[in-house]
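Results of the structural survey
Chain residues, written in single-letter form:
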Amino acid sequence: MSIALAISVSFLWVGVAYGQNPDPGSADPRIPAYDQEEAQSIDGMLMCPVCPAETIGQAQVEISRQMRRLVREKLSQGDSRQEILDFFQDRYGTDILAAPPKSGVNLVAWVVPVLGMLGALVAGLLVIRSMARKGAGEAVNETAMDEDLAPYLEMIDRDLGLGDAGVPGPPGNRQPPDNVAGVEPVGNTGSELATGDTESPEQDVK
Amino acid sequence: MADLGAISLWIALALSSYAAIGSFLGKARGSVELVVSSRRAAYLAVLVLFVCTLSLVILFINRDFEVAYVARHSDLAMADRFTWVAFYAGNEGSLLYIAFALAAMSALAIWRAPSNTLDTLPYTTGVLMVVLVFFLAVTGFMANPFDKLPFVPPDGDGINPLLTHFGMFIHPPMLMAGLICASMPFAFAMGSLLGGKTGDEWVDAGRLWGIIAWALLAAGLLLGSWWAYTILGWGGFWFWDPVENAALMPWLGLTAFIHSIMVQKRRGMFRMWNIVLVNVAFGLALYGMFMNRGGPVPSVHSFGASNLGWVFLAFLAVGVLIPFALFFWRFPLLKSAQTLDSMLSREAAFLVNNLLLLGIAFVTLWGSVYPLISRLVAGEEITIARPFYDQVNGPLFLALLLLMGVGPLLPWRRATAASLKRALLAPGSVALGLSAALLVAGIHQPYALIGFGLGAFVTTGIFIEWWRGTRSRHRSTGDAYPIAFLRLLAANRPRYGGYIVHLSVVMVALGVVGTSFFNEQRDVVLGPGESVQINDYELRYVGTVERQKSNRTEFVSTVEVYRDGKLRYILQPQRAFYPSFNMAATRAAIRSTPVEDLFVVPSENLPDGSVGFRVLVNPLIWWMWVAGPVMILGTVVALWPQPVRTTAPASSRVARTLARAGGSTTGAL
């Protein structure tokens, strides 16, 4: 547990160091106050019109500098993020936006991956479940635990500080039970151990 | 020298064609001689391609500008060490490099093939040689690096300044080698299918080469990020550029594959699925090379527009369709030896992991392709860039991180509710406790909280298991703790190597979460003597020195960094202008610590001596770059051969040698 504590403390320390997000303020003296983080976030949503695949937040060319300045001027005039994006979209076309708007025909771009992912997950879970059902039916005759392994399993579970020895499932059936000495790799459950986690070398078929 | 190179290129093409045809024909006709001579041709092709590669290197070193490729990618001012980079600065050289890497890896794979694949090895050889023939033919006919100019220019065009960076010495060759290495597991799988094997024979070779390809790609991606971070001058490391995506997708496919292949290795399951995965990974790797070399999408990587696109596209189509046709032909052979016992098992976790990885790959592919669809179908010009991927892939990556914590804690076959609870209790409570503590400490971004929580979850799970294993070993053998730990790792390398790799992924996640949610940025124009405040740093701009170099003008700015009113260090970011490319390249000054990076880059030099700076504080990004070596360490541990522990038949080695010498007699006849 001391490890866990150390880990969480170090993560926590990092977190505290960045907990406070400071000031919005003006960095460019030529423009009155605006929200700097908002400006940088808008920079990441507009493409540089002349450079390949870079946003104005990244590109180092004059036009992207001008666009950055324009974004800041508009922010300081009180324009909202959406108004600024609309302004650039009207002027340069939809492809100035780094991601298409979530409306109209462009919704397809957003909906397809989400639906596809959900569909795949549902299908995957159904497949797993049906495989598992079939497996549960067929596995009945396999579940008898290898008698020889019981003492080892108990010993290991004792070492691991797990109370109830022998609970875990049956050993895998591809493993010969010859490598269950106490010095074998220690997994987190008995069945892991019982199988040994390593493959014994393939028998030569020749 | 150019002639030697060109001739050896054609010889290599002839040899690989012979090896491809001979392997298939020899196997089909049962001709051992033909199979053996094809294999020798494949070995010989490596030698010939080595000569070919060497000639191009010598042409570069001599600055033989009569050769068009040399004239285009080097000049007299270029330092000799950049020959290495200039070699693959354009399509011609990189194709030659890819062919050479493929030939060398194929020879190695054929030579060291595990004995249980010897029977189908001619098919594997044939498949590899077909891929090699493709690359050599494209190089020879369409992008020959040895083509000559009708005149000899006095000087070359010079090397692209963005490439003159240490990262460029390793990033492109790693990535290209990784992409082409995806052919190896693919070829073993195809060999097994063609030979009508039931499916488990190719697993060891497939896993080995799959992991090698995976590690090469991972290292290439990390190095590329590092290059972008230090030289592109905007302070980020990944921006979902189409070519980055093209390299990421095969990596995702391979990640899925190297997990899923373990299930087949252990349990004889997922045979069809692994064939599908290895096909997908190979297809994505081809797509990656297609995007990289003559791709249709604009990108910072498009160093040379070319007409190679359609050839690659055609090969991509063939490389995807034929394997799937084969797969359906051999479908009945690929029945699982085992069934899934429970939804709460490592096997099931691996399946979900595969779905997520393929999902991310699909989203990425969709994002690359949809603008094209939109233009053709809806007539709407749109861009899909970083905000899209961040929003769609972000949650998927978090889910993957969760699974990375849960999967290794689940046993094979079946977990009981009790054992699951026991395994998840400690890591889960650490993760929740940490997130709660961070919330109290003032972090409110949900993604960041979840990200840190999951990072702690994975890390705790791994450390607890290491701790328990070490303690148990210490008790049973009396080894001192450090020795017990090392022996624990050594006793099960694939598993614990994998854990080390998982830790490196957590490190990458730390860097990503840190920079995505907690970075600070200032874009300022400073005159000499002026200063800017960022977090608790104060940066004072002192002045800029201009240096004339033969091919560029360098502007070196000096910036003093104060913290708590005291001068801590001096940074010297640079910006160089290359007149011949009409291009500026920057070199950021970075002060890196595990907590945060202070990053200063000049973005413009104004005539009055003032400089536009971008100043960033990037928390935790240090961990990303450390993750690279850790990941490689983990991979090496995982791949290090296990000592032979059982009484493996002494005859196996003899049988191997015999089988190799005599070709695959049993299969052939």
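Since we're looking at a predicted model, the values are computed, not measured. (Residues numbered from 1 in each chain as written. Chains lettered and ligands numbered in written order. Predicted model: local features only at pLDDT ≥ 70, side-chain atom pairs only at ≥ 80, totals over all residues. Heavy atoms only, no water.)

Bringing the overall build of chain A into the picture now. Scanning chain A from terminus to terminus reveals seven helices and zero strands. What you see in chain A, going N to C, is helices and strands ordered as α-α-α-α-α-α-α. Within the span of chain A, comprising 206 residues, buried residues form 41% of the whole. In chain A, the proportion of contacts linking residues at least 24 apart, taken out of those at least 6 apart, comes to 45%. Looking at chain A as shown, the accessible area adds up to about 10,200 Å², and 59% of this sits on carbon and sulfur atoms. (Helix = DSSP H or I, 4+ residues; strand = E, 2+ residues; numbered from the N terminus. Buried < 20%, exposed > 50% of the residue type's maximum accessible area, 1.4 Å probe, protein only. Contact = heavy atoms within 4.5 Å. Areas by Shrake-Rupley, 256 points an atom, 1.4 Å probe, with all protein chains shown as cover.)

So, about the overall build of chain B. What chain B contains, in helices and strands, is 21 helices and 10 strands. Considering only C-alpha atoms, chain B reaches an extent of 85 × 75 × 60 Å along its principal axes. In chain B, buried positions account for 62% of the 669 residues. Taking the intrachain contacts of chain B between residues at least 6 apart in sequence as the baseline, contacts between residues at least 24 apart amount to 73%. When the accessible surface of chain B is totalled, it reaches about 24,600 Å², and 67% of it is carbon and sulfur. Across chain B, the mean location of the 48 positive side-chain charges is 17 Å away from that of the 36 negative side-chain charges. (Lys, Arg positive; Asp, Glu negative; His and termini not counted. Charge placed at Lys NZ, Arg CZ, Asp CG, Glu CD.)

What follows concerns the sheet that holds strand S1 (residues 520-526) of chain B. Residue and element names in this part refer to chain B. If you walk across this open sheet you meet the four strands as S1-S10-S9-S8, and the pairing is antiparallel. Every other strand in the sheet has two partners, leaving S1 and strand S8 (589-592) as the edge strands with one partner each. Strand-to-strand, the axes of this sheet are offset by a mean angle of 15 degrees, without reference to chain direction. Of the pairings in the sheet, the one linking S8 to strand S9 (residues 596-605) comprises four bridges and is antiparallel in character. Each bridged residue has a counterpart across the sheet, and for Ser592 the counterpart in S9 is Asp597. (Pairing = 2+ DSSP bridges. Axes fitted to C-alpha atoms, helices over the stretch in contact; angles between N-to-C directions.)

Scanning the model with the defined rule gives 34 aromatic pairs over all chains in all. The interplanar angle of 75 degrees and the centroid separation of 5.8 Å between the aromatic rings of Phe60 of chain B and Tyr69 of chain B together place this pair among those described as edge-to-face. Judged by its relative accessible area of 0%, Phe60 of chain B is buried. Using a relative accessible area of 1% as the deciding quantity, one classes Tyr69 of chain B as buried. Centre to centre, the rings of Phe463 of chain B and Trp466 of chain B are 5.7 Å apart; their planes meet at 85 degrees, and the pair counts as edge-to-face. Placement of the pair is Phe463 of chain B and Trp466 of chain B together in helix H16 (residues 446-477), with a separation of three residues, close to one helical turn. The class of Phe463 of chain B is partly exposed, set by a relative accessible area of 28%. By relative accessible area, which is 7% here, Trp466 of chain B ends up buried. Cluster of aromatic residues (ring-pair linked, three or more members): Trp110 of chain A together with Trp238, Trp240, Phe388 and Tyr389 of chain B. Above the plane of the ring of Trp110 of chain A lies Lys102 of chain A, whose end atom (NZ or CZ) is 4.5 Å from the centre. (Phe/Tyr/Trp six-rings, centres within 6.5 Å; stacked < 30°, edge-to-face > 60°. Lys NZ or Arg CZ within 6 Å of the ring centre and 35° of its normal.)

What follows concerns a nonpolar patch on the surface. All names here are of chain A. A grouping of Leu107, Val111, Val114, Leu115 and Leu118 is seen on the molecular surface, where their side chains present a nonpolar patch of about 420 Å² in accessible area. One can find Val114 in helix H5 (residues 107-138). A residue is classified by how much of its surface remains accessible, and Val114, at 42% relative accessible area, is partly exposed. (Patch = residues over 30% accessible without salt bridge, like charges linked within 9 Å, V, L, I, M, F, W, Y side chains within 5 Å. Salt bridge = Lys/Arg side-chain N within 4 Å of Asp/Glu carboxyl O.)

Mapped onto the fold, Ile360 of chain B is located in helix H13 (residues 346-378). The residues contacting Ile360 of chain B, other than those within four sequence positions of it, are Leu252, Asn393, Leu396, Phe397 and Leu400 of chain B.

Here we come to the pattern of salt bridges. All names here are of chain B. By the definition in use, this model includes 24 salt bridges over all chains. With a closest N to O distance of 2.8 Å, Lys265 and Asp204 form a salt bridge. One end of the pair, Lys265, is in helix H10 (residues 242-267); the other, Asp204, is in helix H9 (residues 203-231), and 61 residues separate them in sequence. Measuring nitrogen to oxygen at the nearest pair gives 3.4 Å for the salt bridge that ties Arg375 to Glu381. Through salt bridges that share partners, Arg547, Lys549, Arg552 and Glu554 make up one connected network.

Before going further, it helps to spend a moment on the environment of Pro172 of chain B. Residue and element names in this part refer to chain B. Inspection of the secondary structure puts Pro172 in helix H7 (residues 171-181). Owing to a relative accessible area of 13%, Pro172 belongs among the buried residues under this scheme. Sequence separation of Pro172 and Leu334 is 162 residues, and the distance between their C-alpha atoms is 37 Å. When sequence neighbours within four positions are dropped, the list of residues in contact with Pro172 reads Tyr88 and Gly167.

Residues and elements named next belong to chain B. Taking 1.5 Å per residue as the helical rise, H10 with its 26 residues ought to reach 38 Å, and the 38 Å between its terminal C-alpha atoms agrees with that figure. Judged by how many residues are buried, H10 sits mostly within the fold: 24 of 26 residues are covered. With a side-chain oxygen lying 2.9 Å from the backbone nitrogen of Val243, the N-terminal cap of H10 falls on Asp241. Where H10 terminates, the next one or two residues include Gly268, which has phi positive at roughly 65 degrees. (Expected span 1.5 Å × (residues − 1). Polar contact = N/O pair within 3.5 Å; in protein donor to acceptor, adjacent residues only side chain to side chain.)

Let's shift gears to the confidence of the model for chain A. Residue and element names in this part refer to chain A. Within chain A, residue pLDDT values average 65, and 49% of them lie at 70 or more. For chain A, helix H7 (residues 190-195) is the element with the lowest average pLDDT, namely 37, and helix H4 (residues 81-92) is the one with the highest, namely 92. With pLDDT under 50 throughout, residues 138-147 is counted as low confidence; its partners more than four residues away or in other chains account for 12 contacts. (pLDDT = per-residue confidence, 0-100.)

Turning next to the confidence of the model for chain B. All names here are of chain B. For chain B, per-residue confidence averages 86 on the pLDDT scale, and 93% of positions sit at 70 or higher. Of all the helices and strands in chain B, helix H21 (residues 665-668) carries the lowest mean pLDDT, 36, while helix H2 (residues 32-61) carries the highest, 94. Counting contacts from residues 646-669, a segment whose pLDDT is below 50, to residues more than four positions away or on other chains yields 39 contacts. Here the complex is predicted with pTM 0.83, and the ipTM for its interfaces comes to 0.78.

Turning our eyes to something else, we now look at the nonpolar core. Residue and element names in this part refer to chain B. Counting 169 residues, the largest nonpolar core has Leu49, Leu56, Phe135, Ile180 and Phe388 as the members making the most contacts within it. If one sorts the elements of this core by residue count, H9 sits on top with 15 residues. Counting contributing residues, this core receives three or more from each of domain 1 (1-164) and domain 2 (520-623). Excluding anything up to four places from it in sequence, Leu56 contacts Tyr69, Val70, Phe87, Gly93, Leu96, Pro145 and Phe146. (Core = buried A, V, L, I, M, F, W, Y, C linked by side-chain atoms within 4.5 Å. Domains from an automatic or database assignment.)

Residue and element names in this part refer to chain B. Taken domain by domain, chain B holds domain 1 (1-164) and domain 2 (520-623). The C-alpha-based centres of domain 1 and domain 2 are spaced at 42 Å. Residue-level contacts link eight residues of domain 1 with seven residues of domain 2. Together, the buried faces of domain 1 and domain 2 total about 580 Å²; carbon and sulfur atoms form 65% of this surface. The tally of links from domain 1 across to domain 2 stands at zero salt bridges. Run the count over domain 1 and domain 2 and you get zero residue pairs in polar contact (both at pLDDT 80 or more). Within the side of domain 1 that touches domain 2, the residues separate by chemical class into four nonpolar, three polar and one charged. (Buried area = accessible area lost by both parts, 1.4 Å probe. Nonpolar A, V, L, I, M, F, W, Y, C, P; charged D, E, K, R; others polar.)

Residue and element names in this part refer to chain B. When you line up the elements, Asp75 lands in the loop between helix H3 (68-73) and helix H4 (83-87). In this structure the C-alpha to C-alpha distance between Asp75 and Asp157, which are 82 residues apart in sequence, comes to 5.8 Å. Every residue in contact with Asp75, bar those within four places of it in the chain, is listed here: Arg63, Phe65, Asp155, Gly156, Asp157 and Gly158. A distance of 3.0 Å separates a polar atom in the side chain of Asp75 from the backbone nitrogen of Met78.

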